[in-house]
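Listed below, chain by chain, are the residues.
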Amino acid sequence: MKMRKDLFSLLVVFGISAILPIFIHANTSVMHLLIMCFIWAVVAESWDLMLGYAGVFTFGQVALFVIGSYASGMATIQLGISPWLAMLVAGLLTALVSVLIGLPCLRLKAAYVALLTFALHMILEPLLKSDIGRAIGTGGSQGLLNVAPLSIGGYTFSSLELVPWYYAALAISFLLIFAIYKIIHSWWGMAFVAIHDAESFGKSLGVDEFKYKLLVFAVSAFFTGVIGGFYAHYIGVVSTRILGLDLFLLLMVMQVIGGMGRFPGAVIGAFIATLLNELLRVAGIYRLVIFGAVVIVVVVLMPEGIMGVLFPVEKKRPFNQVSNSINRIFKRKVSDL
Amino acid sequence: MKILQVRKLNKSFGGLTVIKDLDFEVDKEDIFGIAGPNGAGKTTLFNLITGFHRGQGDIIFENKNIDGLKPHQICHRGIARTFQVPQLFMSLTTFENVTVGAHFGVENGCDEKKNAREALKIVGLEGKEDAAATSLNIFDKKMTMLAAALATKPKLLLLDEPVGGLSPTEAKQSIAIFKKINKQLGVTIVIIEHLMKVLAELCSQLMIIHNGEKICIGSPQEVSEHKRVIEVYLGGRLNA
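Below: a short report on this structure. For every chain, the first residue of the written sequence is number 1, and numbering continues from 1 along that sequence. All chains are assigned letters beginning at A, and all ligands numbers beginning at 1, according to the order in which they are written. In keeping with the model being predicted, local features are shown solely for residues with a pLDDT of at least 70 and side-chain atom pairs are shown and tallied solely at 80 or more, while totals for entire chains, interfaces and linings include all residues. Each side-chain value is worked out from all heavy atoms of the structure, with water and hydrogens disregarded.

## Some remarks on the overall build of chain B
Labels follow the DSSP assignment, with helices taken as runs of H or I lasting at least four residues and strands as runs of E lasting at least two, numbered in each case from the N terminus. From N to C terminus, chain B includes 9 helices and 10 strands. Oriented by its inertia axes, the alpha-carbon framework of chain B measures out at about 55 × 40 × 35 Å. Only protein chains enter the area calculation, which uses a 1.4 Å probe; residues under 20% of their type maximum are buried, those over 50% are exposed, and those in between are partly exposed. Buried residues in chain B amount to 52% of all 240 residues. Contacts in chain B between residues at least 24 apart in sequence constitute 64% of all its contacts with a sequence separation of at least 6. Split by element, the accessible area of chain B, about 10800 Å² in all, is 48% carbon and sulfur. The sign given to each residue is positive for Lys and Arg and negative for Asp and Glu; His and the chain ends receive no count. Charged side chains are reduced to one point each, which is NZ for Lys, CZ for Arg, CG for Asp and CD for Glu. Taking the average location of the 30 positive side-chain charges in chain B and that of its 27 negative ones, the two points are 1 Å from each other. For this analysis, residues touch if any pair of their heavy atoms sits within 4.5 Å. The method behind every accessible area is Shrake-Rupley, applied with a 1.4 Å probe, and residues are considered shielded solely by the protein chains displayed.

## Re the packing of aromatic side chains
Working definition: a ring pair exists when centres of Phe, Tyr or Trp rings (six-membered ring for Trp) sit within 6.5 Å. Plane angles under 30 degrees give stacked, over 60 give edge-to-face, the rest tilted. Considering all chains together, one arrives at 28 aromatic pairs over all chains under this definition. The interplanar angle of 55 degrees and the centroid separation of 5.1 Å between the aromatic rings of W40 of chain A and F65 of chain A together place this pair among those described as tilted. Placement of the pair is W40 of chain A in helix α3 (residues 28–53) and F65 of chain A in helix α4 (residues 61–79), with a sequence separation of 25 residues. On the accessibility criterion, W40 of chain A (7% relative accessible area) is buried. Note on F230 of chain A and Y234 of chain A: the rings are 6.4 Å apart at their centroids and 15 degrees apart in plane angle, and the pair reads as stacked. Of the two residues, F230 of chain A and Y234 of chain A both sit in helix α11 (residues 209–235), 4 residues apart, roughly one turn of that helix. Taken individually, F230 of chain A and Y234 of chain A each receive the classification buried, so the pair is uniform in this respect. Geometrically, a charge over a ring is one whose NZ (Lys) or CZ (Arg) sits within 6 Å of the ring centre while staying within 35 degrees of the ring normal. A cation over an aromatic ring shows up here: K11 of chain B above the ring of F13 of chain B, its NZ or CZ 5.0 Å from the ring centre.

## Brief notes about the interface of chain A and chain B
Each partner contributes residues to the interface: chain A has 20 residues there, and chain B has 29 residues. Roughly 2200 Å² of surface becomes buried between chain A and chain B when both sides are summed, with 71% attributable to carbon and sulfur atoms. Ranking the residues of chain A by area buried against chain B places W187, F201 and L205 of chain A at the top, with a combined share of 33%. Throughout this description, the term salt bridge denotes a Lys or Arg side-chain nitrogen within 4 Å of a carboxyl oxygen of Asp or Glu. Inspection of the region where chain A meets chain B yields 0 salt bridges. Residues adjacent in sequence count toward polar contacts only when both atoms are side-chain atoms; beyond that, a polar contact is any pair of N or O atoms within 3.5 Å, and within protein one must be able to donate a hydrogen and the other to accept it. Where chain A packs against chain B, one counts 6 residue pairs in polar contact (both at pLDDT 80 or more). The element contributing the most residues to the side of chain A that touches chain B is helix α9 (residues 187–197) of chain A, with 6 residues. Gly counts as polar in this scheme, as do all residues outside two lists: the nonpolar Ala, Val, Leu, Ile, Met, Phe, Trp, Tyr, Cys and Pro, and the charged Asp, Glu, Lys and Arg. Residue composition of the side of chain A that touches chain B, by class: 11 nonpolar, 4 polar and 5 charged. Two parts placed together each lose some accessible area under a 1.4 Å probe, and adding up what both lose gives the buried area.

## Side note on the packing of α3 of chain A against helix α8 (residues 162–184) of chain A
Residues and elements named next belong to chain A. Running from N to C, α3 and α8 cross one another at 15 degrees; their axes reach a closest spacing of 9 Å. By the criterion of interaxial angle, the relationship of α3 to α8 is roughly parallel. Read as a crossing pair, α3 and α8 show a hand that is left-handed. Residues T28, M31, H32, L34, I35, F38, A41, V42, E45, S46, L49 and Y53 of α3 touch α8, and the partners they reach there are L162, V163, W165, Y166, A169, L170, S173, L176, I177, I180 and I184. For the contact of α3 with α8, the class distribution of residues is 18 nonpolar, 4 polar and 1 charged. Each axis is a line fitted through C-alpha atoms, and for a helix only the stretch in contact is used; angles between axes span 0 to 180 degrees, taken between their N-to-C directions. If an angle is under 35 degrees, it is roughly parallel; if it is over 145, roughly antiparallel; if it lies from 65 to 115, roughly perpendicular; otherwise it is oblique. For a crossing to be left-handed, the near helix must be turned anticlockwise from the far one by less than a right angle; the clockwise case is right-handed.

## Brief notes about a nonpolar patch on the surface
All names here are of chain A. On the surface, a nonpolar cluster with roughly 430 Å² of combined accessible area is contributed by M3, F8, L11, V12 and I16. In this fold, V12 is placed in helix α1 (residues 5–19). Judged by its relative accessible area of 36%, V12 falls in the partly exposed class. In this analysis, a patch consists of residues with relative accessible area above 30% that form no salt bridge, clustered at 9 Å for like charges and at 5 Å for the nonpolar side chains Val, Leu, Ile, Met, Phe, Trp and Tyr.

## Some remarks on the sheet that holds strand β2 (residues 16–27) of chain B
Residue and element names in this part refer to chain B. By definition, two strands form a pair when at least two bridges between them are found by DSSP. One open sheet holds the 4 strands; their spatial order is β2-β1-β4-β5, and the pairing between them is antiparallel. Either end of the sheet is taken by a strand with one partner, and the two such strands are β2 and β5 (64–65). As paired strands, strand β4 (residues 56–61) and β5 are joined by 2 bridges and run antiparallel to one another. Paired with I60 across the strands is N65, a residue of β5.

## A closer look at the sheet that holds strand β8 (residues 188–192) of chain B
Residue and element names in this part refer to chain B. Pairing is mixed in the open sheet, where 6 strands are placed in the order β6-β7-β8-β3-β9-β10. Across the chains shown, the open sheet's two edge strands, defined by having one partner strand only, are β6 (79–81) and β10 (213–218). Here the average twist between neighbouring strands, direction ignored, is 20 degrees. Of the strand pairs in this sheet, strand β7 (residues 156–160) and β8 are connected by 5 bridges, and their pairing is parallel. If you follow L159 over to β8, its bridge partner there is I191. Against the sheet, helix α1 (residues 42–49) contacts β3 (31–35), β6, β7, β8 and β9 (205–210), and its axis sits at roughly 150 degrees relative to β7. Set on the sheet, helix α6 (residues 168–185) makes contact with β3, β7 and β8; between it and β8 the angle comes to about 150 degrees.

## Quick look at the side chain of S9 of chain A
Residues and elements named next belong to chain A. Checked against the element boundaries, S9 lands in helix α1. Using a relative accessible area of 8% as the deciding quantity, one classes S9 as buried. Setting aside chain neighbours within four positions, we find S9 in contact with P264, M307 and F311.

## Focus on the environment of G265 of chain A
Tracing the backbone shows G265 of chain A in helix α13 (residues 265–279). When neighbours within four sequence positions are excluded, G265 of chain A is seen to be in contact with E45, M254, G258, G259 and M307 of chain A.

## A closer look at α1 of chain A
Residues and elements named next belong to chain A. Expected span of a helix, by definition, is 1.5 Å for each gap between consecutive residues, and there is one gap fewer than residues. With 15 residues, α1 extends 22 Å between its outermost C-alpha atoms, agreeing within 8% with the 21 Å of an ideal straight helix rising 1.5 Å per residue. Among the residues of α1, those classed as buried are D6, L7, S9, L10, V13, F14 and S17. One side of α1 carries all its buried residues, which in axial view fall inside an arc of 165 degrees. Those residues of α1 that are buried lie in contact with α2 (21–24), α3, α8, α13 and α15 (305–310). By arc we mean the arc of the directions from the helix axis to the C-beta atoms, nothing more.

## Here we look at empty space enclosed by the protein
All names here are of chain B. Cavities and pockets are defined on a 1 Å grid built over the protein atoms alone: a cavity is a set of grid points where a 1.4 Å probe fits but cannot escape, while a pocket is an open set with protein on both sides within 12 Å along at least five of seven lines, and lining residues are those with an atom within 4 Å of any such point. Grid points are joined across faces, edges and corners, and a volume is the space filled by probe spheres set on the points. Inspection of every chain in the model, using the stated rule, returns 3 cavities of 30 Å³ or more. If you add up the space inside the largest cavity, you get close to 70 Å³. Taken together, T82, F83, K142, M143, M145, L146, L159, E161, P162 and F178 form the lining of the largest cavity. Sorting elements by how many residues they give to the lining of the largest cavity places helix α5 (residues 138–150) first, with 4 residues.

Structure follows, in structure tokens:
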């Protein structure tokens, strides 16, 4: 049976990363980097589900990730539940917050959805550091310290041994990303694309626009919240530091490099952007300049990202329709005139 | 039986009255035409019936009031429509476009693939099922849009200027397909068109709208001889 190209690409990425530790397990900094790749891959692909597939102009993904981290950390600290359960709780809570933000967004046009969702990002840091935050246990400016690591059976994960963390990250991120794959290829995924491509047409065919928009807010946030929880237990510390613009821009770049709306582009983009970001650290102050240049080159030469280069699809951009028409005129076939 | 009854329909956008005191009825399994100069409010009428806009007055479908319902709910009640400017899901293939209608347009589970194939057969698009929507010419785009609407198994089909921009051959094919839909599937059709020839061939009843008001309603023959209609379209009789 022929396998879909997108599933094949995903399996290649995870297949290669599954055997990498054999060669690099001693290099803790590379191991750590790859674990972060798995984590960002989930966030980036969840964001792409909203932005690339459903066409919802959300800028709140980083905020949702942070909410997930805090929620999971706080759940283990205050409720004493296991990190595994806490991650699930974090996913559900993040989904709830996302739906609450999604409700007012339903009637808003793209730019205003961006503003509203970004507002979540903006208010999150002051909120978490405020008295209200401290009252509910966010640890104020300090954040959460000593967040419990994962444990399976008798074994407790430790920051000294990264191989178990690596495979836990791989397994969890694969599960979440595979779930996204299933959603994209389900009727939900069809509804998301329908709303994105031709909303009125979709509505006239029975697609409940509000239901599916809220659904994508919820589902995308759930996956992000769960992996945010994983991040909390992996790093052991949760703070508002990642609410700066760096991570936000990096996640955007991941989607652009990989190819928006082209699963698993965001996953591939996550690995490339994270590794590139790290490699460019040697360039010191020129890191951002070079990074920016790379982004510009990608956007101009590969508008559909890496997935567009690997698996080109008949393009839907007006530019290409124009060039097709011009080609037809020059070929001058009687039947075309 | 009257499948659609519109009573005292009014719609304004700000200070502009687009539809004024509109009253008409459509018989079940009929083909009902609507014509009128551009800007007369025809598409707005369709938007009101299908829930895209809200107006004042009553819109009654199968003896039940449907104002206030959202477009997807109206689809589930059994009203489908096409758009003046062809709308399609450009990321999908022809077949996938139609399955959206087949799946989301029918409330309880159904065999989407079968319904989609049937709809494509009626509009004559078998063989083009796997074509990307972006590769279709305008006629095929219109037919795909129509097939998707049919896949929702409607009882009433609203066609908004379906023949515009088509060659005479394509227009003729379209007319034949509309007749098939009406006779074989028993679907009531309300069609907005500019070409009198098309309306005369298809419709048993025809309504002319001008500036949001009904000018005349009757058989195509009666309507084309109506004094006010001639005034509106041609600016008055030669020997007036």
